Every structure is written in structure tokens, then in C-alpha cells.
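Structural overview
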Amino acid sequence: MVITLRKRIDLHMHTLFSDGELLPSELARRAEVLGHSTIAITDHVDFSNIHTITDISAAIEDINKNWEIKVVLGAEITHAPTQSIPTLAKKARELGAKIVVVHGETLSEPVIPGTNFSAVNCEEIDILAHPGLITIEEAELAKENDVALEISARKGHSLANGHVANIAKEVGCDLVIDTDTHSPDDLITFERSIEVALGAGLNEKEALKAAIDTPNKILKKHELI
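Computed from a predicted structure; not experimentally measured. (Residues numbered from 1 in each chain as written. Predicted model: local features only at pLDDT ≥ 70, side-chain atom pairs only at ≥ 80, totals over all residues. Heavy atoms only, no water.)

Moving on, we come to the pairing of strand β5 (residues 99–103). Counting buried positions along β5 gives five out of five residues, so the element sits mostly inside the fold. Across four bridges, strand β4 (residues 70–77) lies against β5 in parallel orientation. The residue of β5 that forms the bridge with G74 is I99. The β-α-β motif built from β4, the intervening helix α3 (residues 85–94) and the parallel element β5 has right-handed crossover chirality. As paired strands, β5 and strand β6 (residues 127–129) are joined by three bridges and run parallel to one another. Residue pairing across strands places H103 opposite A129, the latter belonging to β6. Handedness of the crossover is the feature at issue here: the chain leaves β5, passes through helix α4 (residues 115–120), returns alongside β6, and the resulting connection is right-handed. (Buried < 20%, exposed > 50% of the residue type's maximum accessible area, 1.4 Å probe, protein only. Helix = DSSP H or I, 4+ residues; strand = E, 2+ residues; numbered from the N terminus. Pairing = 2+ DSSP bridges. Right-handed = clockwise from strand over helix to strand, strands pointing away.)

Dropping the structure here:
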């Protein structure tokens, strides 16, 4: 298989404004050097800190004005009560988040059962991150509500990638490849993202769709490209 050099889009990353290690500017710089065209900063939020979404907006504006890489303001709703997800998603949008992610029922954390179901029922959600043992019914709702399911490059969260890929292919819902970056070592190249997708059981065409078409579809939906 031959993969030509392409720019990468990653719509799930964290800074030190939640539990990441880097400032927005350093994250963007490291991503740009590794060949990213676009990243979304999706720091963890619940009702305790959702207003901090705006704290990095000035930094993002500065980066976008001066560098080639595009940085998008986002949020990841994390370990929140399932009933609160729609309200949090709406509030995140009001505060300027362009990409809204929900922290799915990963096998590596004690996420509240029903989180996946609540996320895929919410039209404000763009990506259900690392959804673990997602069901056929949940994937069908994700397709209906235009919620992409994530193939994760992150250790632990990647344990269910094969299951997520199989369910998504059976239903026909969108997949997206993200890193859930918290530290510099989490960042990957475009070529590595394809390897992650192939390792999850996607074929080359499906992997390229998840790496290119789906993230571009999400960006276009919000008029970001």
C-alpha cells in the first residue's frame, strides 16, 4: 500500500486548560510541524468549568492570524450525567465551541452507562469519542443524527477500535480518526493515523475516508472550511 503525504486533521485534543500538558500555541506548533492542517482543541468540560471555553479563544485567534495551521475552538463533555449532555452541548455552542465531542464509554474509564446513547441522540454533538462497546442501535442513531464515531489512537481508548469499526461499517455511520492528544508524544502523522485505522480493521478506502472525508465533512458542516 502506498500512501502519499497528506495533511492531517485531528478534532480531539487537549491543552493544560484541562488535563493536557501544552499551551494552545505549543500544541498548534507541534501539530503544524507534524503536518496537520487543522486541529480542534476540545478541553474537558462539565457544568463546573464550561465557561472556561472562552479562555483560549484569544490564543486561537492569534494562532489563526499568524500561522498556516487552523485551530478550532471546541469542547469535550466528560463524565457528565447523561441527562445533562444536551444542555451542556447547547451551552458549549453558545460559548463559541465549533466542535463538540462527548467522552464516550471507553473500556479504560468508568464512564456512566447511557453516555453513548445520550450523545448519539443529540444533534449538537459532532463526535462520540472512544465509544467502547457501542451497540448497533446507538450506531444507527449516530448515523441518523450525523454524529461521527471515533477510532482512537490513544492508549487504552483504542482497545475497542476493532469493535467500533465493525459496528460502524455494519450500520454505515461515519468514522473519524483522532488522537485525544494530551502530551507531545500523543501527536501522530497522517501516515500513522492510516495505520491505526487499518489496525482497527478498516480497508484502505475506509481508512482514507475516516482520515480525510469525515473530518472535512464536520468542518464544512460548521462552515470552518
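From this point, the discussion proceeds with the structure in view.
Mapped onto the elements of the fold, A200 is located in the loop between α7 (190–199) and α8 (204–221). Along the backbone, A200 and I125 are 75 residues apart, and their C-alpha atoms lie at a distance of 23 Å. A200 has contacts with I151, N161, G162 and A165, leaving out every residue within four places of it along the chain. (Contact = heavy atoms within 4.5 Å.)

On to the nonpolar core. Judged by nonpolar contacts, the single largest core of 58 residues is most densely connected at I53, I77, I125 and L149. For this core, the leading source of residues is helix α6 (residues 161–171), giving five residues. Look past the residues within four positions of I53 in its chain and what remains in contact with it is V45, L73, G74, A75, A92, L95 and A97. Ranked by size, the runner-up nonpolar core spans 13 residues in total, among them L11, A40, A148 and L224. (Core = buried A, V, L, I, M, F, W, Y, C linked by side-chain atoms within 4.5 Å.)

All right, on to the packing of helix α5 (residues 136–144) against α6 then. Following both chains from N to C, one finds α5 and α6 inclined at 60 degrees, their axes separated by 9 Å at the closest point. Judged on the interaxial angle alone, α6 and α5 are oblique. α6 is crossed by α5, and the crossing has right-handed handedness. Contacts between α5 and α6 pair I136, A139, E140 and K143 from the former with I167, E170 and V171 from the latter. Tallied by class, residues from the contact of α5 with α6 come to four nonpolar, no polar and three charged. (Axes fitted to C-alpha atoms, helices over the stretch in contact; angles between N-to-C directions. Parallel < 35°, antiparallel > 145°, perpendicular 65-115°, else oblique. Left-handed = near helix turned anticlockwise from the far one by under 90°. Nonpolar A, V, L, I, M, F, W, Y, C, P; charged D, E, K, R; others polar.)

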